[in-house]
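# Structural features, examined
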Amino acid sequence: MQQQELFDRYIDEHCSPEPQRLKELYRHTHLHHLYPRMCSGHAQGRLLKMLTQMISPQRVLELGTFTGYSALCIAEGMPPGAKLHTVEIDDEMEDELRELFADDPRANDIILHIGDAEEVVPSIDETWDMVFIDANKRRYVAYLEMILPRLRRGGYILADNTLWSGKVVDESARMDPQLAGIHEFNSLVTDHPDLETVIIPVRDGLSLIRRR
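What counts, and at which threshold
Residues numbered from 1 in each chain as written. Predicted model: local features only at pLDDT ≥ 70, side-chain atom pairs only at ≥ 80, totals over all residues. Heavy atoms only, no water. Helix = DSSP H or I, 4+ residues; strand = E, 2+ residues; numbered from the N terminus. Rg over C-alpha atoms; globule rule 2.2 N^0.38 Å. Buried < 20%, exposed > 50% of the residue type's maximum accessible area, 1.4 Å probe, protein only. Contact = heavy atoms within 4.5 Å. Areas by Shrake-Rupley, 256 points an atom, 1.4 Å probe, with all protein chains shown as cover. Phe/Tyr/Trp six-rings, centres within 6.5 Å; stacked < 30°, edge-to-face > 60°. Patch = residues over 30% accessible without salt bridge, like charges linked within 9 Å, V, L, I, M, F, W, Y side chains within 5 Å. Salt bridge = Lys/Arg side-chain N within 4 Å of Asp/Glu carboxyl O. Pairing = 2+ DSSP bridges. Axes fitted to C-alpha atoms, helices over the stretch in contact; angles between N-to-C directions. Lys, Arg positive; Asp, Glu negative; His and termini not counted. Polar contact = N/O pair within 3.5 Å; in protein donor to acceptor, adjacent residues only side chain to side chain.

### Overview of the overall build of the protein
- Check the secondary structure of the protein and you find eight helices and seven strands.
- The globule rule puts the C-alpha radius of gyration for 212 residues at 17 Å, and the 17 Å found for the protein is close to it.
- Counting only C-alpha atoms and orienting by the principal axes, one finds that the protein spans roughly 50 × 45 × 35 Å.
- Taken across its 212 residues, the protein has 48% of its residues classed as buried.
- Considering only residue pairs separated by 6 or more positions, the protein has 70% of its internal contacts joining residues 24 or more positions apart.
- Surface accessibility of the protein: about 11,000 Å² in total, with carbon and sulfur atoms responsible for 51%.

Rendered as structure tokens:
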């Protein structure tokens, strides 16, 4: 077993247990979907839940639902009465996601939208307390520009994949358009006078960004 695999196993073993339902969803994702690594997984899922509990948001937006793992973790950490709007561009995922969310204890608090986030989000009449970005990396800057005007002061953005498997420091990968989107986003939030940010080196990198 490689050193990184041992390291990841150690982290999982020393995090709070993964709920059985999420464990089954993670396995289902790896058995039945392409690109299963897009699923948040145990350690990051517990982190998302805990950050949500700490922020205690009433209105949450997620860009990029995939198989619903991160949405369930966020919903698990939300206070009573909070709502999560989650947006997935792949319409082939709709039936599976609606069935998944309908069986969740927070079913009434999860609102699924199918479509392009840049078309869907402007139609949702909400001010956001917390936003989780995990969609098209090439559009991260566009997502930020769309979200910021409706993110409350003191609100948070969580952005996934901001280390892009360590390729952010790999000069040979600079032609990757998704990596270029990540670089532009990372630079923008670092230099933005209205934001403070830190990258947490969990899995593929998770940026925690606060609007001042």
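### Here's the deal with the packing of aromatic side chains
- In the structure shown here, the tally under the stated rule is three aromatic pairs.
- Centre to centre, the rings of Tyr26 and Tyr69 are 6.2 Å apart; their planes meet at 70 degrees, and the pair counts as edge-to-face. Here Tyr26, found in helix α2 (residues 20–32), pairs with Tyr69, found in helix α4 (residues 69–77); they are 43 residues apart in sequence, far enough to count as distant.
- Accessibility expressed as a relative area gives 30% for Tyr26, which makes it partly exposed.
- Taken together, a centroid distance of 5.3 Å and an interplanar angle of 80 degrees make the contact between Tyr140 and Phe185 edge-to-face. Placement of Tyr140 in helix α7 (residues 140–147) and of Phe185 in helix α8 (residues 177–191) is noted, with a sequence separation of 45 residues between them.
- Counting every residue linked through ring pairs, the aromatic cluster contains Tyr140, Tyr143 and Phe185.

### Comments concerning a nonpolar patch on the surface
- Together, Phe7, Tyr10 and Ile11 make up a nonpolar patch on the protein surface, roughly 310 Å² of accessible area in all.
- Note that Tyr10 resides in helix α1 (residues 3–13).

### A look at the pattern of salt bridges
- Considering all chains together, one arrives at 15 salt bridges under this definition.
- Between Arg152 and Asp129 there is a salt bridge, and its shortest N-O distance comes to 2.7 Å. Linking Arg152 in strand β5 (residues 151–160) with Asp129 in strand β4 (residues 128–133), this pair joins segments that are 23 residues apart in sequence.
- When salt bridges with common partners are traced through the structure, they connect Arg46, Lys49 and Glu76 into a single cluster.

### Side note on unusual backbone geometry
- Even without glycine at this site, Phe66 takes up a positive phi of about 55 degrees.
- By the element assignment, Phe66 lies in the loop between β1 (59–63) and α4.
- A positive phi angle is found at Asn161, which is not glycine, with a value near 70 degrees.
- Topologically, Asn161 is positioned in the loop between β5 and α8.
- What makes Asn161 buried here is its relative accessible area of 10%.

### Some points on the sheet that holds strand β2 (residues 83–88)
- Judged by pairing direction, the sheet is mixed, and its seven strands sit side by side in the order β3-β2-β1-β4-β5-β7-β6 without closing on themselves. Every other strand in the sheet has two partners, leaving β3 (110–114) and β6 (195–200) as the edge strands with one partner each. When the angles between neighbouring strand axes are averaged without regard to direction, this sheet yields 15 degrees.
- Bridge count between β2 and β3: five bridges; the pairing is parallel. Counterpart to Glu88 in the pairing with β3 is Ile114.
- The strands that helix α5 (residues 94–102) touches are β2 and β3; relative to β3, the one it contacts most, it runs at about 175 degrees.

### Quick notes on the environment of Glu99
- Along the chain, the position of Glu99 falls in helix α5.
- The spatial distance from the C-alpha of Glu99 to the C-alpha of Tyr69 is 13 Å, given a sequence separation of 30 residues.

### Describing the side chain of Glu62
- Inspection of the secondary structure assignment puts Glu62 in strand β1.
- The buried charged residue Glu62 lacks any salt bridge, with Lys137 as its nearest oppositely charged partner at 10 Å.
- Side-chain polar atoms of Glu62 contact the side chain of Thr86, separated by 2.5 Å.

Structural measurements only, silent on function.
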